[in-house]
Amino acid sequence: MSDLSRLLEVLEFEEIGQGRFRAQNFNTGLGEVVFGGQLLAQAIVAANTVDPTKVLKSVHTVFSRGAAMDQPLDIDVEVMHKGRALASATVTFRQGDRLCCRSLALLSAEEPDLIRHGSTPPDVGAPDDAAPSGGDGEYWEIRVVGGVDISDPDEVGPAELFVWIRFPGATATGVTGQALLAYATDGFLIGTAMRPHPGIGQSMAHKAFSTSVLSHTLTFHEPVDAGEWHLLAHESPYAGGGRTYGRAHIFTADGRLVGSFVQDNMVRSFPDGGRAQS
């Protein structure tokens, strides 16, 4: 079974009650804690069970505690409202008595334009102009513009990062496309915030200092196909007080703005020289 197939498998839930599901984890091989992007993807799939006639517009997630890789996730979906044009729900992830994270999701019916505009993409070239930067396993492809290495503490630059991503071979439209693209949005804004600071790089996270995504808000403006190239245009306008703030726009290869997201993150020294405390 391919890595992509295994990732798609964790987006299929076992229904264990009304609005209650059980889900498995996708092991990236990078640690014992579930990757936040997986939880974002699963929250989108769970939220869409509220009203399949609508599409997810936005999801805001607060990561209260880490989820263990070796335990399944129990997902509770509570409908807040379901109307003609809009629906909303909370999606809560637990492992036993441990509440791991909670999402607030907004779904929307399709409606005609009254007004329309969209930001234009930065001039960073096409995906083929960027050298391959690998990817986790075989399930997605990453190309970082300019070959920037956010893991290298000696590589200093502005607090911005432009990343082309796609999930090659995936039929990834609709809910699946949104879920896969959400997965990809989680991993770059902490490294973006570190770029201006000499001696600080993402490779040092959880070793020399503590980092964590605290909250993530993702909005979809247009339908997406995660099997095609998308540019994640990141910037971090602020870092301080053990926290960072980052934001990004998502563009298609032909320049359409299809999504935006923001993150609040923790980047701090280990308390009292020990391991991180949340």
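In this report, the structure presented in the accompanying data block is examined. Only a predicted model underlies this, so the values are computations on that prediction, with no experimental measurement involved.

## Considering the sheet that holds strand β3 (residues 55–63)
Okay, so step 1: Strand order in the open sheet formed by 12 strands is β1-β2-β4-β5-β6-β3-β9-β12-β11-β10-β8-β7, and the pairing between neighbours is antiparallel. Edge positions in the sheet fall to β1 (14–17) and β7 (141–144), since each of these pairs with one other strand and no more. For this sheet the average axis-to-axis angle between neighbouring strands, irrespective of direction, equals 25°.
Okay, so step 2: Across four bridges, the pairing between β7 and strand β8 (residues 160–166) is antiparallel. Among the inter-strand pairings, Val144 is bridged to a residue of β8, identified as Val163.
Okay, so step 3: Across the sheet, helix α2 (residues 36–47) is in contact with β2 (20–23), β3, β4 (73–82), β5 (86–95), β6 (98–108) and β9 (210–220); its angle to β3 comes to roughly 135°.
Okay, so step 4: On top of the sheet, helix α3 (residues 174–184) reaches β3, β8, β9, β10 (230–240) and β11 (243–252); it is set at about 145° to β9, its chief contact.

## Thoughts on empty space enclosed by the protein
Okay, so step 1: Applying the stated criterion to the full structure yields one cavity of 30 Å³ or more.
Okay, so step 2: Of the pockets and cavities examined, the largest cavity occupies roughly 30 Å³.
Okay, so step 3: Along the walls of the largest cavity sit Asp149, Ile150, Asp152, Glu155, Gly191, Met194, Arg195, Ile200 and Gly201, which together make up its complete lining.
Okay, so step 4: Considering only residue class, the lining of the largest cavity consists of three nonpolar, two polar and four charged.

## Digging into the environment of Val45
Okay, so step 1: When you line up the elements, Val45 lands in helix α2.
Okay, so step 2: In this structure Val45 comes out as buried when scored by relative accessible area, which is 14%.
Okay, so step 3: What Val45 contacts, discounting residues up to four positions off in sequence, is Leu11, Phe13, Val175 and Ala179.

## Some remarks on α2
Okay, so step 1: The end-to-end C-alpha separation of α2 is 16 Å, in line with the 16 Å expected for 12 residues at 1.5 Å each.
Okay, so step 2: For α2, a buried count of 12 out of 12 residues is recorded, marking the element as mostly surrounded by other parts of the structure.
Okay, so step 3: Buried residues of α2: Gly36, Gly37, Gln38, Leu39, Leu40, Ala41, Gln42, Ala43, Ile44, Val45, Ala46 and Ala47, and no others.

## Some thoughts on the nonpolar core
Okay, so step 1: If you look at the biggest cluster of nonpolar residues, it comprises 68 residues, and the most contacted ones within it are Phe93, Trp140, Ile165 and Phe167.
Okay, so step 2: The dominant element in this core, judged by the number of residues it contributes, is α2, at eight residues.
Okay, so step 3: Grouped together as the second largest cluster of nonpolar side chains are 10 residues, Val124, Val145, Leu231 and Phe251 included.

## As for the environment of Pro122
Okay, so step 1: Looking at where Pro122 falls in the secondary structure, it is placed in the loop between β6 and β7.
Okay, so step 2: Given a relative accessible area of 28%, Pro122 falls into the partly exposed group.
Okay, so step 3: A C-alpha to C-alpha distance of 41 Å links Pro122 and Gln71, two positions 51 residues apart in sequence.

## Here's the deal with the layout of surface pockets
Okay, so step 1: Size it by volume and the second largest pocket reaches roughly 780 Å³.
Okay, so step 2: The wall of the second largest pocket is formed by 24 residues, among which Lys57, Phe220, His221, Glu222 and Pro223 lie closest to the centre.
Okay, so step 3: Of all elements in the fold, only β3 and α3 reach the threshold of two or more residues within the lining of the second largest pocket.
Okay, so step 4: Here the lining of the second largest pocket is built from residues that sort into nine nonpolar, seven polar and eight charged.

## Observations concerning the side chain of Thr244
Okay, so step 1: With respect to the secondary-structure elements, Thr244 resides in strand β11.
Okay, so step 2: Judged by relative accessible area, which is 6%, Thr244 ranks as buried.
Okay, so step 3: With residues near it in sequence (within four places) discarded, Thr244 still touches Ala193, Tyr238, Ala239, Gln263, Asp264, Asn265 and Val267.

## Observations regarding the pairing of β5
Okay, so step 1: By the criterion of burial, β5 is predominantly enclosed, with eight of the 10 residues buried.
Okay, so step 2: By the bridge criterion, eight bridges tie β4 to β5 in an arrangement that is antiparallel. Looking across to β5, one finds that Val77 is bridged to Val91.
Okay, so step 3: Between β4 and β5, which pair antiparallel and follow one another directly, the connecting turn spans three residues.
Okay, so step 4: Of the pairings in the sheet, the one linking β5 to β6 comprises 10 bridges and is antiparallel in character. Bridge pairing in β6 links Leu86 to Ser108.

## Side note on the packing of aromatic side chains
Okay, so step 1: Tallied over the full model, the rule gives 10 aromatic pairs.
Okay, so step 2: Seen from their ring centres, Phe26 and Tyr183 are 6.5 Å apart, and the 75° between their planes marks the pair as edge-to-face. Of the two residues, Phe26 is situated in the loop between β2 and α2 and Tyr183 in helix α3; the sequence distance between them amounts to 157 residues.
Okay, so step 3: Residue class for Phe26 comes out buried when judged on its relative accessible area of 5%.
Okay, so step 4: Plain terms: the ring middles of Trp140 and Tyr183 are 5.8 Å apart, the flat faces sit at 80° to each other, and that makes the pair edge-to-face. Residue Trp140 is found in the loop between β6 and β7, and its partner Tyr183 is found in helix α3; the two are separated by 43 residues along the sequence. Per residue, the accessibility class of Trp140 equals that of Tyr183, and both read buried.
Okay, so step 5: Here the aromatic residues Phe26, Phe35, Tyr139, Trp140, Phe167, Tyr183 and Phe188 are joined through ring pairs into a cluster of three or more.

The rules behind the values
- Residues numbered from 1 in each chain as written.
- Predicted model: local features only at pLDDT ≥ 70, side-chain atom pairs only at ≥ 80, totals over all residues.
- Heavy atoms only, no water.
- Pairing = 2+ DSSP bridges.
- Helix = DSSP H or I, 4+ residues; strand = E, 2+ residues; numbered from the N terminus.
- Axes fitted to C-alpha atoms, helices over the stretch in contact; angles between N-to-C directions.
- Contact = heavy atoms within 4.5 Å.
- 1 Å grid on protein atoms, 1.4 Å probe; cavity = no way out; pocket = protein on both sides within 12 Å on 5 of 7 lines; lining within 4 Å.
- Points joined across faces, edges and corners; volume = space filled by probe spheres on them.
- Nonpolar A, V, L, I, M, F, W, Y, C, P; charged D, E, K, R; others polar.
- Buried < 20%, exposed > 50% of the residue type's maximum accessible area, 1.4 Å probe, protein only.
- Expected span 1.5 Å × (residues − 1).
- Core = buried A, V, L, I, M, F, W, Y, C linked by side-chain atoms within 4.5 Å.
- Phe/Tyr/Trp six-rings, centres within 6.5 Å; stacked < 30°, edge-to-face > 60°.

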